[in-house]
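The lines below spell out each chain.
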Amino acid sequence: ATVSGYFFLTPASSFLINDLKQGLQLGLFVLEGGALSWLIGKLQFSKNRAEEALKQTSVDMKKVEQRLTELETSRSLAQTVLDHAPTIICVGDLEGRYQFVNAQYDQVFGQSGKALVGRPLAEILPSAQAAVILKEIQTVTAAGQAMTFEEDVALPDGIHTHVKLKFPLKDSSGEIYAIGTIFLDIADRKQIELALRHKNEALEEVSRLKSEFIANMSHELRTPLTSILGFSSVLLQQIFGSLTAKQQEYLSRIRSSGTHLLSLINALLDLSKIEAGKLELNLEVVNLAELCQAALQMVEMAAQEKQQQLRLELPVARETVMVDRQRVTQMLLNYLSNAVKF
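Here the structure is a predicted model, which means the values were calculated and not measured.

1. Quick word on unusual backbone geometry
So, point 1. In the Ramachandran plot, Q307 falls in the positive-phi region, its phi being about 55° despite a non-glycine side chain.
So, point 2. Mapped onto the elements, Q307 comes out in the loop between helix 8 (288-305) and strand 9 (320-324).

In structure tokens form, the structure reads like this:
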């Protein structure tokens, strides 16, 4: 009942309020129970997800560990192979700091290459040498390709010449991040080249002395040979008296042999042309029978001393040939002299 704006509770309304309180408390209890159940379910779901994620993380970690093991095995294998290479192999960054050095470095330079890793060049090498290496790195980086450089290095056993093959190392994007270097010791090759150069110089000196000897010998031989040819010609002219047929024949052979010998001496004087491959042939039309007969006469006396008989046979249809008389005669004499001798 309402009087003048105030509420008055009757016994009946009091019971109604109590019922409403009880209903409200029951609703709240039910609501709290539902919310609690939902929260518990949510927590259980989150727990399951967390357990699954943990299991997946554990699997991923095992894969990562397995991959790391494989990478370490590959790195160890590569290190072993490079350490047994017979030449120095190293890798440095673009500022010259070593990132990798194989064991050959220790054997050649007598110091630990691994102790140099990460250190600036200025701490390792003299400033001039460090500047040269940095210049080489800049050149290779600018070119973007492998290049070779030569350097003389002072080692305990003397000066060694190293040819350095430098090549760029690029990442997946194509950017150069390091420079690899392979050292090749060519000291032995340099020594061989020097020995060959000295040998060539010695051979040239021997050739010069040989040419001088041939020239002097030829001059000394030509002087008496010219006298022999002159006297034989005078005798053949029978100025000082007549000659028998046999005497004329022998004098003709003496003169023919002397003329051939003089031709050989003149050829020795052209030895320089022979060695230079510029010898010229004096071609002429020659009677083949006469040429062969003259060669036989030059060795006839030697054959008679050994009680040998010489006979000329020409089973050819051609009577004349275009040849260098002196060269062909010399070839025939070589054959005939060997035949008589052996």
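Now, onward.
2. Concerning the pairing of strand 7 (residues 176-185)
So, point 1. Relative to strand 7, strand 3 (residues 88-93) is paired through six bridges, and the arrangement is antiparallel. From the neighbouring strand, I89 faces strand 7, where its bridge partner is I182.
So, point 2. Pairing between strand 6 (residues 158-170) and strand 7: nine bridges, direction antiparallel. Its bridge partner being in strand 7, K170 is matched across the sheet by I176.
So, point 3. The turn linking strand 6 back onto strand 7 is made up of five residues, and G174 within it adopts a positive phi angle of 90°.

3. Observations concerning the nonpolar core
So, point 1. Y98, Y105 and L125 are the most contacted members of the largest nonpolar core, which totals 17 residues.
So, point 2. Contributing elements (two or more residues each) for this core: strand 3, strand 4 (98-101), helix 3 (121-124), helix 4 (127-143) and strand 7.
So, point 3. When residues of this core are assigned to their parent elements, the largest contribution, four residues, is made by helix 4.
So, point 4. Of all hydrophobic cores here, the second largest spans seven residues; its members include L288, L291, V321 and V328.

4. Let's talk about the pattern of salt bridges
So, point 1. All told, the structure shown has 12 salt bridges when counted by the stated rule.
So, point 2. A salt bridge links R97 to D93; the shortest N-O distance between them is 3.2 Å.
So, point 3. A residue is classified by how much of its surface remains accessible, and R97, at 28% relative accessible area, is partly exposed.
So, point 4. A relative accessible area of 12% means that D93 is categorised as buried.
So, point 5. Here D324 ties to R327 by a salt bridge, and the two come within 3.7 Å at their closest N and O atoms.
So, point 6. On the accessibility criterion, D324 (6% relative accessible area) is buried.
So, point 7. By relative accessible area, R327 is classed as partly exposed at 22%.

5. Looking at the sheet that holds strand 6
So, point 1. One open sheet accounts for five strands, arranged 4-3-7-6-5; its pairing is antiparallel. Lying at the two open borders of the sheet, with one neighbouring strand each, are strand 4 and strand 5 (147-155). On average, each strand axis in the sheet is inclined to that of its neighbour by 25°, with strand direction left out of account.
So, point 2. Each of strand 3, strand 5, strand 6 and strand 7 is contacted by helix 4, which is oriented at about 165° to strand 5, the strand it contacts most.

6. Here we look at the pairing of strand 6
So, point 1. The pairing of strand 5 with strand 6 spans nine bridges and is classified as antiparallel. Each bridged residue has a counterpart across the sheet, and for T148 the counterpart in strand 6 is L165.

7. A closer look at the side chain of T87
So, point 1. If you trace the backbone, T87 turns up in the loop between helix 1 (11-83) and strand 3.
So, point 2. Residues contacting T87, with those up to four places away along its chain left out, are N102, Q104, I182, F183 and L184.

8. Focus: a nonpolar patch on the surface
So, point 1. Residues L281, L283, V285 and M322 make up a contiguous nonpolar surface patch of roughly 430 Å² in combined accessible area.
So, point 2. Along the chain, V285 turns up in strand 8 (residues 283-287).
So, point 3. We classify V285 as exposed; its relative accessible area is 56%.

9. Quick word on the confidence of the model for the protein
So, point 1. Per-residue pLDDT for the protein averages 77, and the proportion of residues at 70 or more is 79%.
So, point 2. By mean pLDDT, strand 1 (residues 2-3) is the weakest element of the protein at 44, and strand 8 is the strongest at 93.
So, point 3. With pLDDT under 50 throughout, residues 1-10 is counted as low confidence; its partners more than four residues away or in other chains account for six contacts.

10. Side note on the environment of A122
So, point 1. Secondary-structure assignment places A122 in helix 3.
So, point 2. When its relative accessible area of 66% is taken as the criterion, A122 is described as exposed.
So, point 3. Residues A122 and G96, 26 residues apart in the sequence, show an inter-C-alpha distance of 9.4 Å.

Calculation notes
- Residues numbered from 1 in each chain as written.
- Predicted model: local features only at pLDDT ≥ 70, side-chain atom pairs only at ≥ 80, totals over all residues.
- Heavy atoms only, no water.
- Helix = DSSP H or I, 4+ residues; strand = E, 2+ residues; numbered from the N terminus.
- Pairing = 2+ DSSP bridges.
- Core = buried A, V, L, I, M, F, W, Y, C linked by side-chain atoms within 4.5 Å.
- Buried < 20%, exposed > 50% of the residue type's maximum accessible area, 1.4 Å probe, protein only.
- Salt bridge = Lys/Arg side-chain N within 4 Å of Asp/Glu carboxyl O.
- Axes fitted to C-alpha atoms, helices over the stretch in contact; angles between N-to-C directions.
- Contact = heavy atoms within 4.5 Å.
- Patch = residues over 30% accessible without salt bridge, like charges linked within 9 Å, V, L, I, M, F, W, Y side chains within 5 Å.
- Areas by Shrake-Rupley, 256 points an atom, 1.4 Å probe, with all protein chains shown as cover.
- pLDDT = per-residue confidence, 0-100.

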